[in-house]
Amino acid sequence: MVRTSSRTTERIDVRKTYKLYVGGSFPRSESGRSYAVTDARGRFWANASHASRKDARDAVTAARSAFGGWSARPAYNRGQVVYRIAEVLEDRRDQFEAELRAAEGATAAKARAQVDASVDRLVWYAGWADKLAQVTGGANPVAGPYFNHTAPEPSGVVAVVAPTSPLLGLVSVVAPVIVTGNTAVVIASEPYPLTSITLAEVMATSDVPGGVVNVLTGPQAEIAPWLASHMDVNGIDLTGVGDVELGRNLEIEAAENLKRVRRPGVEDLLATPALDRMTTFQEHKTVWHPMGL
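Along every chain, residues carry numbers that run from 1 in the direction the sequence is written. Given that the model is predicted, a residue must reach a pLDDT of at least 70 before its local features are reported, and side-chain atom pairs must reach 80 or more before they are shown or counted; all residues, however, enter totals for whole chains, interfaces and linings. Note: side-chain values were computed over all heavy atoms of the structure, leaving out hydrogens and water.

A.B. asks: Residues and numbers for the overall build of the protein, please.
C.D. replies: Helix and strand assignments follow DSSP, with helices taken as H or I runs no shorter than four residues and strands as E runs no shorter than two, numbered in order from the N terminus. Along its length, the protein carries 10 helices and 10 strands. Put simply, the radius of gyration uses C-alpha atoms, and a globule should come to 2.2 Å times the residue count raised to 0.38. Its C-alpha atoms give the protein a radius of gyration of 21 Å, within 12% of the compact-globule value 19 Å for 293 residues. When its C-alpha atoms are laid out on the principal axes, the protein stretches across 95 × 45 × 35 Å. Scored against the burial criterion, the 293 residues of the protein give a buried share of 46%. When contacts within the protein are restricted to residue pairs at least 6 apart in sequence, those whose partners lie at least 24 apart make up 76%. Note on areas: these come from Shrake-Rupley sampling with a 1.4 Å probe, and a residue is covered only by the protein chains present in the view. Within the structure as shown, the protein displays about 14,500 Å² of accessible surface, and the carbon and sulfur contribution to it stands at 52%. Counting rule applied: Lys, Arg positive; Asp, Glu negative; His and chain ends not counted. In this description, the location of a charge corresponds to atom NZ of lysine, CZ of arginine, CG of aspartate or CD of glutamate. Averaging the coordinates of the 31 positive side-chain charges in the protein and doing the same for the 32 negative ones gives two points 5 Å apart. Buried, partly exposed and exposed residues are distinguished by accessible area as a fraction of the type maximum, computed with a 1.4 Å probe on protein chains only: under 20%, between the cut-offs, and over 50%, respectively. Contacts are assigned to residue pairs that have any heavy atoms within 4.5 Å of one another.

A.B. asks: Give a detailed account of the sheet that holds strand E4 (residues 146-154), specifying residues and quantitative values.
C.D. replies: In short, DSSP must find at least two bridges between two strands for them to pair. Pairing is antiparallel across the open sheet formed by 3 strands, whose spatial order is E3-E4-E10. The sheet is open, and its two borders are formed by strand E3 (138-139) and strand E10 (282-290), each paired with just one other strand. Relative to E4, E3 runs antiparallel, the two sharing 2 bridges. Directly across from Ala139, in E4, lies its bridge partner His149.

A.B. asks: Please provide a residue-by-residue account of the side chain of Ser189, values included.
C.D. replies: One can find Ser189 in the loop between strand E6 (183-187) and helix H7 (193-204). Here the side chain of Ser189 touches Thr164 through a polar contact of 2.7 Å, landing on its backbone oxygen. At 3.3 Å, the side chain of Ser189 forms a polar contact with the backbone nitrogen of Tyr192. In this structure Ser189 touches Ala162, Pro163, Thr164, Pro166 and Ser196, once residues within four positions along its chain are discounted. Polar contacts here mean pairs of N or O atoms no more than 3.5 Å apart (in protein, one a potential hydrogen donor and the other a potential acceptor; neighbouring residues in sequence count only if both atoms are side-chain atoms).

A.B. asks: Any chance you could break down helix H6 (residues 168-179) for me, citing the residues and the numbers?
C.D. replies: How far a helix is expected to stretch is found by multiplying one less than its residue total by 1.5 Å. In a regular helix each residue adds 1.5 Å, so 12 residues correspond to 16 Å; H6 covers 16 Å between its end C-alpha atoms and thus fits that length. Summarising burial for H6: 12 of the 12 residues are buried, a large majority. Buried within H6 we find Leu168, Gly169, Leu170, Val171, Ser172, Val173, Val174, Ala175, Pro176, Val177, Ile178 and Val179. Positive backbone phi, approximately 100°, marks Gly181, located one or two places after H6.

A.B. asks: How would you explain helix H1 (residues 53-72) if you had to name every residue and give the values?
C.D. replies: Here H1 contains 20 residues, and its C-alpha end-to-end distance of 29 Å stays within 8% of the 28 Å for a straight helix at 1.5 Å per residue. To obtain the bend at a residue, axes are fitted to the seven residues ending there and to the seven starting there, and the angle between these axes is taken. Roughly 40° is the biggest bend found in H1, and it falls at Ala66. For H1, the complete set of buried residues consists of Asp55, Ala56, Ala59, Val60, Ala62, Ala63, Ala66, Phe67 and Trp70. The backbone nitrogen of Lys54 lies 3.3 Å from a side-chain oxygen of the residue at the head of H1, namely Ser52.

A.B. asks: Any chance you could break down the nonpolar core for me, citing the residues and the numbers?
C.D. replies: Definition used in this section: a nonpolar core is a set of buried Ala, Val, Leu, Ile, Met, Phe, Trp, Tyr and Cys residues joined via side-chain atoms within 4.5 Å. Membership of the largest hydrophobic core comes to 54 residues, with the highest contact counts inside it found for Leu122, Leu167, Val174, Ile178, Val186, Leu199 and Val213. No other element matches the 8 residues that H6 contributes to this core. Setting aside anything within four residues of it in sequence, one finds Leu122 in contact with Val82, Ile85, Ala86, Leu89, Val171 and Ala175. With 25 residues, the next largest nonpolar core counts Leu20, Ala51, Ala56 and Ala228 among its residues.

A.B. asks: Describe the packing of helix H3 (residues 93-104) against H7, listing the residues and the values that go with them.
C.D. replies: Axes here mean lines fitted to C-alpha atoms, for a helix over just the part in contact, with angles spanning 0 to 180 degrees between N-to-C directions. For the pair H3 and H7, interaxial distance at closest approach is 10 Å and the crossing angle is 170°. By the angle between their directions, the pair H3 and H7 is classed as roughly antiparallel. Listed contacts from H7 to Gln95, Phe96, Glu99 and Leu100 of H3 are Leu194, Thr195, Thr198, Leu199 and Val202. Under the scheme applied here, ten amino acids are nonpolar (Ala, Val, Leu, Ile, Met, Phe, Trp, Tyr, Cys and Pro), four are charged (Asp, Glu, Lys and Arg), and all others, including Gly, are polar. Counted by class, the contact of H3 with H7 contains 5 nonpolar, 3 polar and 1 charged residues. If an angle is under 35 degrees, it is roughly parallel; if it is over 145, roughly antiparallel; if it lies from 65 to 115, roughly perpendicular; otherwise it is oblique.

A.B. asks: So, the pairing of E4: which residues are in play, and what are the values?
C.D. replies: Every regular strand shows the same layout, with side chains that alternate between the two sheet faces. Hairpin connection, E3 to E4: the antiparallel pair is bridged by 6 residues, and Gly144 has positive phi, about 140°. As judged from the 9 bridges shared by E4 and E10, these two strands associate in the antiparallel manner. Among the inter-strand pairings, Asn148 is bridged to a residue of E10, identified as Trp288.

A.B. asks: Give me the packing of helix H4 (residues 108-128) against H6: which residues, what numbers.
C.D. replies: For the pair H4 and H6, interaxial distance at closest approach is 9 Å and the crossing angle is 10°. Judged by the inter-axis angle, H4 sits roughly parallel to H6. Along the contact surface, H4 presents Gln114, Ala117, Ser118, Arg121, Leu122, Tyr125 and Ala126, while H6 presents Leu168, Val171, Ser172, Ala175, Pro176 and Val179. Grouping the amino acids of the contact of H4 with H6 by side-chain chemistry returns 9 nonpolar, 3 polar and 1 charged.

Below you can see the structure in the form of structure tokens.
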């Protein structure tokens, strides 16, 4: 007769280590710093990396290195990659719903609605990838024997201060930047950074080339000024800046090196977005060509 023990072995929880996302890898902050993140009930959840000035520089370098290859891809292919992010996010929805419930104290219905909206938002932007040039560019009537065409082009490296909403907010500010051919350096939601890193894991497994999206966690007030003043950053989205004085100072820093700036404002993230999130960080090139040659 075989006897089975009624005793069960207690297992130690395997805690997840949340790191930065830079250049397609997940490094710890070079400073070695971290800060505690609590759940909706105020209980310790995990430690998030506290990004430094050096981490911000590394992220900009990675974004610049990735820009040439990413911007040169056909718009249709960039749309396919963004759509792939939606596919993987849909597959991992249970994990994200659980994180949103834990982080924000959201009900199951609200967490599900956020994930649904995030997937739908990615699909919406993916669909615009190869259509935006037809809407914002075109053939211009000119007086003379010339063809005159205007076409949109990406600005380059865009720094993004993400909104508090860790999933839908991040998707809403990053998708329009990358689908138009830019690369991004993102400061994640300061109070809810962990879901942003989980989304970075989705991007890392969704055919997004390393360096196209880079995610930093830590205080906005410490990281954002370095990105606003960085000479190799071409634009900055201040949507997630909650402090008025900080936002004003970031605009001043950005103006000194001629960045494109999207100013913070109150937005309904559940509403259908306008095209301006894609056009804000685009340049327009106009080409003249003689007729008959």
